[in-house]
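# Geometric and topological summary
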Amino acid sequence: MSRVLTVLGELGIELDAQLYRLAVTHRSWAYENGGVPTNERLEFLGDAVLGVVVTEHLYLTFPEEPEGTLAKLRAAVVNAQSLAAVARTLDLGAELLLGRGEATTGGRDKASILADTLEAVIGAVFLEHGIVQAARFVHLLFDPVVEEAATLGAGLDWKTSLQERCAVLGLGVPTYQVSESGPDHDKRFEAYAVVGEARYGPGNGLNKKQAEQEAAASAFTALTSVAEAARAAVGGVGA
């Protein structure tokens with residue numbers, strides 16, 4: 001059984017097999033198989049459900065924070081990078097129905113596709129079981145993301161947080177290498193965050209900003225792990 005369905009089962013939520021299949025059907029598969037329905041309508045629905053549930057959670061969890069801070073927190077939680085990271089914990093990429101071209105070019109780990117598919121799954125849960133069960137699913141997946149976002153820097157975004165982390169570690173100011181591909185009406189951007197001699201990423205997005213944020217998130221996570229390992233090593237020596 002898929003990891004997604006296992007998690008839903010642990011919550012006591014059963015999802016109709018055909019509805020789940022629709023939720024993981026990418027448009028590239030639909031195109032190669034005679035124009036069958038895609039997950040895009042479910043994605044549209046799930047995006048709205050996710051936004052409402054996360055916004056309510058932020059409102060109740062941070063009663064003293066102003067609207068501007070709550071908006072930045074929400075943006076730090078509900079973005080392609082965060083959604084893709086959650087989707088990877090569910091091994092959602094293995095469940096995707098992708099066209100041959102998309103599958104052979106890394107589509108199963110592409111942040112935009114994973115994020116859209118996770119939203120489609122949320123939409124499917126809402127459609128079959130309503131907001132209460134959909135909210136339980138969202139809380140299970142995203143409450144930890146909210147906790148992590150609350151630890152970000154003053155800017156509440158990955159680029160700002162990475163710059164702050166680099167300053168603390170004495171690594172200088174991070175830079176970004178960005179490339180673009182695709183026709184004008186369907187551009188795709190890929191970015192790497194460069195810190196010293198190291199390069200982190202790639203980050204992918206429909207615009208330069210989104211790709212750079214994803215790359216910054218990868219760098220921030222990696223540098224945080226290094227810093228925590230160093231602190232642990234120092235503590236072990238002291239012990």
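Residues numbered from 1 in each chain as written. Predicted model: local features only at pLDDT ≥ 70, side-chain atom pairs only at ≥ 80, totals over all residues. Heavy atoms only, no water.

### A few points about the overall build of the chain
Regarding its fold elements, the chain presents eleven helices and three strands. Along its sequence from the N terminus, the chain presents helices and strands in the succession α-α-α-α-α-α-α-α-α-α-β-β-β-α. At 19 Å, the chain has a C-alpha radius of gyration in line with the 18 Å of a compact globule built from 239 residues. Judged by the C-alpha coordinates and their principal axes, the chain covers about 60 × 45 × 40 Å. Counting every position in the chain, which comprises 239 residues, the buried fraction comes to 41%. (Helix = DSSP H or I, 4+ residues; strand = E, 2+ residues; numbered from the N terminus. Rg over C-alpha atoms; globule rule 2.2 N^0.38 Å. Buried < 20%, exposed > 50% of the residue type's maximum accessible area, 1.4 Å probe, protein only.)

### Observations concerning the packing of helix α4 (residues 40-61) against helix α9 (residues 131-149)
Where α4 meets α9, the axes come as close as 9 Å, and the angle between the chain directions of the two elements is 60°. The pairing of α4 with α9 is recorded here as oblique in orientation. At the point where α4 passes α9, the crossing takes the right-handed sense. Where α4 approaches α9, its residues Val 49, Leu 50, Val 53, Val 54, His 57 and Leu 58 are matched on the opposing element by Ile 131, Ala 134, Ala 135, Val 138, His 139, Phe 142, Asp 143 and Val 146. (Axes fitted to C-alpha atoms, helices over the stretch in contact; angles between N-to-C directions. Parallel < 35°, antiparallel > 145°, perpendicular 65-115°, else oblique. Left-handed = near helix turned anticlockwise from the far one by under 90°. Contact = heavy atoms within 4.5 Å.)

### Some remarks on the pattern of salt bridges
Within the structure shown, the criterion is met by seven salt bridges. For Lys 159, the salt bridge is made with Glu 212, and the minimal N-O distance between the two is 2.7 Å. On the criterion of sequence distance, the pair formed by Lys 159 in helix α10 (residues 158-169) and Glu 212 in helix α11 (residues 208-238) is long-range, its members being 53 residues apart. Of the charged contacts, one joins Lys 187 and Glu 180 as a salt bridge, the two residues approaching to 3.0 Å between their closest N and O atoms. Within this structure, Glu 180, Asp 184 and Lys 187 form a network of salt bridges that share partners. (Salt bridge = Lys/Arg side-chain N within 4 Å of Asp/Glu carboxyl O.)

### With respect to α10
The end-to-end C-alpha distance of α10 is 16 Å, a good match for the 16 Å that twelve residues give at a rise of 1.5 Å each. Buried residues of α10: Trp 158, Ser 161, Leu 162 and Cys 166, and no others. Seen along its axis, α10 keeps its buried residues to an arc of 135°; they face one direction. In α10, those exposed residues whose orientation departs by more than 90 degrees from the buried face are Ala 167 and Val 168. (Expected span 1.5 Å × (residues − 1). Arc of directions from axis to C-beta.)

### Section: the pairing of strand β3 (residues 198-205)
Consecutive residues of a regular strand have side chains that alternate between opposite faces of the sheet. In the sheet, strand β2 (residues 188-195) pairs with β3 via six bridges, with the strands oriented antiparallel. Counted as the bridge partner of Glu 190 is Asn 204 from β3. Connecting the antiparallel pair β2 and β3 is a turn made up of two residues, with Gly 196 showing a positive phi of about 60°. (Pairing = 2+ DSSP bridges.)

### Some thoughts on the sheet that holds β3
The three strands are arranged β1-β2-β3 in an open sheet whose pairing can be described as antiparallel. Edge positions in the sheet fall to β1 (175-181) and β3, since each has one partner strand and no second. Sheet twist, expressed as the average angle between the axes of neighbouring strands with direction ignored, equals 20°. Strand direction decides the pairing type here: β1 and β2, joined by seven bridges, are antiparallel. Within β2, the residue paired with Glu 180 across the bridge is Phe 189.

### Details of the confidence of the model for the chain
Taken over all residues, the pLDDT of the chain has a mean of 89, while the share at 70 or more is 94%. When pLDDT is averaged over each helix and strand of the chain, the minimum, 78, is found for α11 and the maximum, 97, for α4. (pLDDT = per-residue confidence, 0-100.)

### Points about the nonpolar core
Ranked by size, the top nonpolar core spans 50 residues in total, and within it Leu 92, Leu 118, Ile 122, Phe 137 and Phe 142 carry the most contacts. For this core, the elements supplying multiple residues, two or more each, are α1 (3-10), α2 (17-23), α4, α5 (67-77), α6 (80-89), α8 (111-129) and α9. If you tally residues by element for this core, the top one is α8, at ten residues. The residues touching Leu 118, leaving out its near neighbours within four places in the chain, are Leu 83, Val 86, Ala 87, Leu 90, Leu 92, Leu 141 and Phe 142. Among the nonpolar cores identified, the runner-up in size contains 15 residues, and Trp 158, Ala 193, Tyr 200 and Ala 216 belong to it. (Core = buried A, V, L, I, M, F, W, Y, C linked by side-chain atoms within 4.5 Å.)

### Structural notes on the packing of α4 against α8
Relative to each other, α4 and α8 sit at 80°, their axes nearing to 6 Å. With respect to α8, the element α4 is oriented roughly perpendicular. Here α4 contributes Leu 42, Glu 43, Leu 45, Gly 46, Asp 47, Val 49 and Leu 50 to the contact with α8, which in turn contributes Asp 116, Glu 119, Ala 120, Ile 122, Gly 123, Ala 124, Phe 126 and Leu 127. Looking at side-chain class alone, the contact of α4 with α8 contains nine nonpolar, two polar and four charged residues. (Nonpolar A, V, L, I, M, F, W, Y, C, P; charged D, E, K, R; others polar.)

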